[in-house]
Amino acid sequence: MRTILILIFLLVCFNMAFSQSNANFAYAQTTIKYDAYTRNITGTIPFDKPFKIEIDNIDTSGINYSKVQLYEVIYAAGKRTLKAPIGASTILPTDGVTKSKNTITLSVPGIKAGKNFDILILRKISPSTITRALNLNKSILIDHAGQSAALIYGSDDLKTAYNMLQDSVEDHRTGTQPRHISTDVNNIDTYYDNVFVPVATNYNNIKSMAPLDSATYSFDQTNFSVIVNHLDERNLFYAKLSLYQKMFDNGSFKDISKGLLSFDFKDPKKGAGEYDLELRIKNLSRNCGYIDSLLNMAARPLEAKYPGTFNPIVIKLQRLLPDMIAKQAYLQTQKDDIINVFKNHFPSQALWLNGTDDFTDLKVKGASIFTLDAGIMNIFTYDNYNKIVEIPKLFIGIDISLMPNDKTVDNKYLRKLPDDATQQHTLESQPSFWRSTSLTIGVTLGAMQNTQFDNVTNGLSFTIGPSWRLYKAFRFGFGAAMLRRSDPNPLLSDKTITPGVYAGISIDFDLLDPIKNATSMIFK
């Protein structure tokens, strides 16, 4: 019976070794879906195997695809920290990122089991963040006008406003991410010295920008006579030209020419503050649009209908339009200068991809360190005549992996890490001798054929030693064995514990279904 079992075991080993070769372990790359808006993740991140993360609902403009980084997250002593220091992490290769409209896909190398990690994407500063910066500048100019630098440095409201700005740049949320780009929390003085002071001249230019001269562009009595003599009051052109003159009559033209007011049919006094740059530029854009439509949809058609009569009106509108456009361009130039200084201070903006409120970070699937195996071994020990004897035995054991890993992934398929001392690679699964190494604790099965020896207890003897996985399907191991040996004195029937060594091969049950499913219920 023993011979039959050994032959069956060897046949299974032969079949496993050749049927489960590397070529037959092909697998489809898993795609994980991540919603950047809700921060929800769909799918389970595998370990050791490369996978893809498809990120939806993301603004793909301005992303620096060569700087997509993975950061390992460590939980210790109740605290959560990024293991990699500032500037050091796993960086995805440039060809590992693809994009389409509102979606980017990251090709991520195999990551070790049970790891927590976040993904950092760097991109251009967003319009909303620029608006926050301009509002902070405006607060310094208006709410703290004339104050010394010392008072500004100590201002609680400015510190709060600056932290909100920095949180926007960092994509910082309390309890989830540390600050990556800059750590000068509450340091409004740094912002004031490096960003605000260099643009003070620009704000002076904005404040001192002169309005256009009303007399140059308003209609005189002759112009009005032409309008009254050729157009009925119910005529649409009459209404348009009359409304144009109204901004001169009510004294609003100077503010309109500076963008402080918008000429709007429904709200002719849509006002902007002196330092509301974005609104002033928008107002000037509306005003230029209005002048352009008045010129092309009223004055020029009337001049075509009454040649020479409306030409003075056309000339005034033709003169006003480029002058108004020049005012808009001037403010835009000042704004651009201010923004460029801000971007030099914060050259990029962070987008952190991590979990929801329930799962703070992206987490790789865990792996069991325990698996079952069974095989044959030879135990070598000394008999009563001090000679080495060989005892073949069947055994079953528990393998304790020194490095949890996916046994279907061969070392040669793992990513070769770049020789880059500036980067840490604590996340990636790496080719390693220890991936295939386990500590095996086993028991032998069946009675001893050598009458000098017996099992330790209840038909079982014990073994312990290292083992190594071969061809994924079976293992080779050696180590220490413990059994009992009879006393050389035939008058004594007691058997004493005696040590031995063993060497054997075994089948890894974790790769066999349905045994794998059964063991996973016990050990996972």
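It should be emphasised that the depicted structure is a prediction, and the values quoted were computed from it without experimental measurement. (Residues numbered from 1 in each chain as written. Predicted model: local features only at pLDDT ≥ 70, side-chain atom pairs only at ≥ 80, totals over all residues. Heavy atoms only, no water.)

Engineer: For this particular structure, what's the right way to read the nonpolar core?
Structural biologist: In summary, soluble globular proteins display a tendency toward joint burial of nonpolar side chains. Core analysis: the largest hydrophobic core is formed by 60 residues, its most contacted members being Tyr-191, Tyr-203, Leu-241, Tyr-244, Ile-291 and Phe-342. For this core, the element with the most residues is helix H11 (residues 277–305), which contributes 11 residues. Once residues lying within four places of it in the same chain are set aside, the contact partners of Tyr-244 are Tyr-217, Phe-219, Phe-263, Tyr-290, Ile-291, Leu-294, Leu-317 and Leu-320. Core analysis: the second largest hydrophobic core is formed by 27 residues, Tyr-34, Ala-36, Leu-70 and Ile-119 among them. (Core = buried A, V, L, I, M, F, W, Y, C linked by side-chain atoms within 4.5 Å. Buried < 20%, exposed > 50% of the residue type's maximum accessible area, 1.4 Å probe, protein only. Helix = DSSP H or I, 4+ residues; strand = E, 2+ residues; numbered from the N terminus. Contact = heavy atoms within 4.5 Å.)

Engineer: It is not clear to me how the pairing of strand E3 (residues 51–56) should be interpreted in this structure. Could you clarify?
Structural biologist: On any regular strand, side chains alternate: one points to one face of the sheet, the next to the other face. Residues Phe-51, Ile-53 and Ile-55 line the buried face of E3, whereas the alternating positions Lys-52, Glu-54 and Asp-56 sit on a face that is not buried. Pairing of strand E1 (residues 30–35) with E3, which is carried by six bridges, proceeds in the parallel orientation. Residue pairing for E3: Thr-31 is matched across the bridge by Lys-52. Both E3 and strand E8 (residues 103–108) contribute to a ladder of six bridges, which runs antiparallel. Its bridge partner lying in E8, Lys-52 is registered against Ser-107. (Pairing = 2+ DSSP bridges.)

Engineer: Teacher, can you tell me more about the pattern of salt bridges here?
Structural biologist: Side chains that carry opposite charge are capable of pairing whenever their charged atoms lie near each other. Tallied over the full model, the rule gives 10 salt bridges. For Arg-39, the salt bridge goes to Asp-171, with nearest N and O atoms at 3.4 Å. A residue pair is termed long-range when its members are at least 10 positions apart, and Arg-39 in the loop between E1 and strand E2 (40–42) and Asp-171 in the loop between helix H4 (156–170) and helix H5 (188–196) qualify at 132 residues. Of the residues examined, Arg-39 reaches a relative accessible area of 15% and is grouped as buried. (Salt bridge = Lys/Arg side-chain N within 4 Å of Asp/Glu carboxyl O.)

Engineer: Whenever I open this one, helix H2 (residues 127–142) confuses me. Can you help?
Structural biologist: Owing to its 3.6 residues per turn, the α-helix brings residues three or four apart onto one side. Under the 1.5 Å per step criterion, the end-to-end length of H2 is 22 Å for 16 residues, consistent within 8% with the ideal 22 Å. Listed as buried for H2 are Thr-129, Ile-130, Ala-133, Leu-134, Leu-136, Asn-137, Ser-139, Ile-140 and Leu-141. (Expected span 1.5 Å × (residues − 1).)

Engineer: When you look at the confidence of the model for the protein chain in this model, what are you seeing that I'm missing?
Structural biologist: A low pLDDT score tells you not to read the predicted coordinates there in detail. Taken over all residues, the pLDDT of the protein chain has a mean of 81, while the share at 70 or more is 81%. Segment residues 15–25 is flagged for pLDDT under 50; beyond a separation of four residues in sequence, or across chains, it makes 19 contacts in the model. Note on residues 518–524: pLDDT is under 50 here. Beyond four places in sequence and across chains, it has nine contacts. (pLDDT = per-residue confidence, 0-100.)

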